[in-house]
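# Fold and contact review
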Amino acid sequence: MPTFLDKKMKCFIKIIVLVFVFSNLVLSQTPRLIGPPGGSVFYNQFVIHPQNTNIIVTTTWSAAVFRSSDGGNSIVPIETNLGSRQISSIALPFDKENEIFLGVSGYYLFSSDVENSWQIISKGPYIPDVVINPKNSNAVFIKNDNKTLWRSYDKGFSWTQIRTFEQLLNRIAISPADTSIIYAASDFSLFKSTDSGDNWFKVYAPPDTNYFGVDQIEVNPVNSNLLFIKAGGNLYKSLDGGISFSKTTIYDMSFFAVNPIDPNIIYVTIGDPFFAPISDIRKTTDGGSTWFSI
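In short, a report on the structure. Every value quoted in this text rests on a predicted model; they were computed, and no experiment measured them.

### Section: the pairing of strand E19 (residues 234–238)
Within E19, five of the five residues are buried, which leaves the element mostly enclosed by the surrounding structure. Burial along E19 is two-sided: the residues Asn 234, Tyr 236 and Ser 238 and Leu 235 and Lys 237 are all buried. Across five bridges, strand E18 (residues 227–231) lies against E19 in antiparallel orientation. Each bridged residue has a counterpart across the sheet, and for Leu 227 the counterpart in E19 is Ser 238. Between E18 and E19, which pair antiparallel in sequence order, lie two residues; one of them, Gly 232, sits at a positive phi of approximately 60°. Relative to strand E20 (residues 246–247), E19 is paired through two bridges, and the arrangement is antiparallel. From the neighbouring strand, Lys 237 faces E20, where its bridge partner is Ser 246.

### Regarding the sheet that holds E20
Reading across the sheet, the four strands line up as E17-E18-E19-E20 and stay open at both edges, with antiparallel pairing between neighbours. If you trace the sheet from one side to the other, it starts and ends with strand E17 (214–219) and E20, each paired once.

### Observations regarding empty space enclosed by the protein
Considering all chains together, one arrives at two cavities of 30 Å³ or more under this definition. Lining of the second largest cavity is provided by Glu 218, Val 219, Asn 220, Leu 226, Leu 227, Phe 228, Val 258 and Pro 263. Broken down by secondary-structure element, the contributors of at least two residues to the lining of the second largest cavity are E17 and E18.

### Brief notes about the packing of aromatic side chains
Using the criterion set out here, one finds four aromatic pairs in the structure. On the numbers, 5.4 Å between centres and 75° between planes, the contact of Phe 165 with Trp 200 is edge-to-face. A residue pair is termed long-range when its members are at least 10 positions apart, and Phe 165 in the loop between strand E12 (160–164) and strand E13 (169–174) and Trp 200 in the loop between strand E15 (190–193) and strand E16 (201–204) qualify at 35 residues. Per residue, the accessibility class of Phe 165 equals that of Trp 200, and both read buried. Judged by centre distance (4.7 Å) and plane angle (40°), the ring pair of Tyr 204 and Phe 245 falls under tilted. Of the two residues, Tyr 204 is situated in strand E16 and Phe 245 in the loop between E19 and E20; the sequence distance between them amounts to 41 residues. Exposure class is identical for Tyr 204 and Phe 245. Each is buried. Stacked on the ring of Phe 165, the Lys or Arg Arg 163 has its end atom at 4.6 Å from the ring centre.

Conventions and cut-offs
Residues numbered from 1 in each chain as written. Predicted model: local features only at pLDDT ≥ 70, side-chain atom pairs only at ≥ 80, totals over all residues. Heavy atoms only, no water. Buried < 20%, exposed > 50% of the residue type's maximum accessible area, 1.4 Å probe, protein only. Helix = DSSP H or I, 4+ residues; strand = E, 2+ residues; numbered from the N terminus. Pairing = 2+ DSSP bridges. 1 Å grid on protein atoms, 1.4 Å probe; cavity = no way out; pocket = protein on both sides within 12 Å on 5 of 7 lines; lining within 4 Å. Points joined across faces, edges and corners; volume = space filled by probe spheres on them. Phe/Tyr/Trp six-rings, centres within 6.5 Å; stacked < 30°, edge-to-face > 60°. Lys NZ or Arg CZ within 6 Å of the ring centre and 35° of its normal.

In structure tokens, the structure reads:
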């Protein structure tokens, strides 16, 4: 029987999917965006607050930001005044419920009061990822171009360049259990640092990276050696800190989310929201060994 959290997660995912499907079916009408200016109806991601799972933030490709404080039962737009700039990442500090970090095309933004004011902390050609240290919300990492990783210890008011990778860098993930351990996913490899980003080494190259590469990574909040990555539409699991991975039974997936309170609970969406409706939402309660539709 679905739990209350299942219902909240499924409700929120369905809202995202239905908006997309409706906008593609009603071709004779102009889709109406209920959020801030931007014009896009393509929702590209959502983030659950690390401590308060009722807080969920989602974005569209064109600068629309929406927030729910009741687990997805209601959603309100957040005004950013970004025009049509693409939002590519969201980060929520573990110890602050009203703070939001956004990685935007050309900007890194920070708000300390949900939506009433925004600060442009950094500018660059492209900022696709913003990651906050799970135990120190002042420590922030961004990728300020296709390959260069930067670090800040004051929420982005000053930055230090720490590494330029040879490959295109897609995503960054910090281990909640040991924040000195950081993973960086590139197009064809997975890199790891054990000293907060000062030094890096390659740990793995998944076989199914194809054109899209490794585009999502999640580290277990209590075990730094347990992590999941999405590569080539497949979900992989590692038990040894990224040295080796096993392919799960999940494939043709578009996104996955790990419950921050119980990391054995994982949700995945099956299908490509850009070319076809999401065909299924699946859940595991045993860390990926078995899955069922919800």
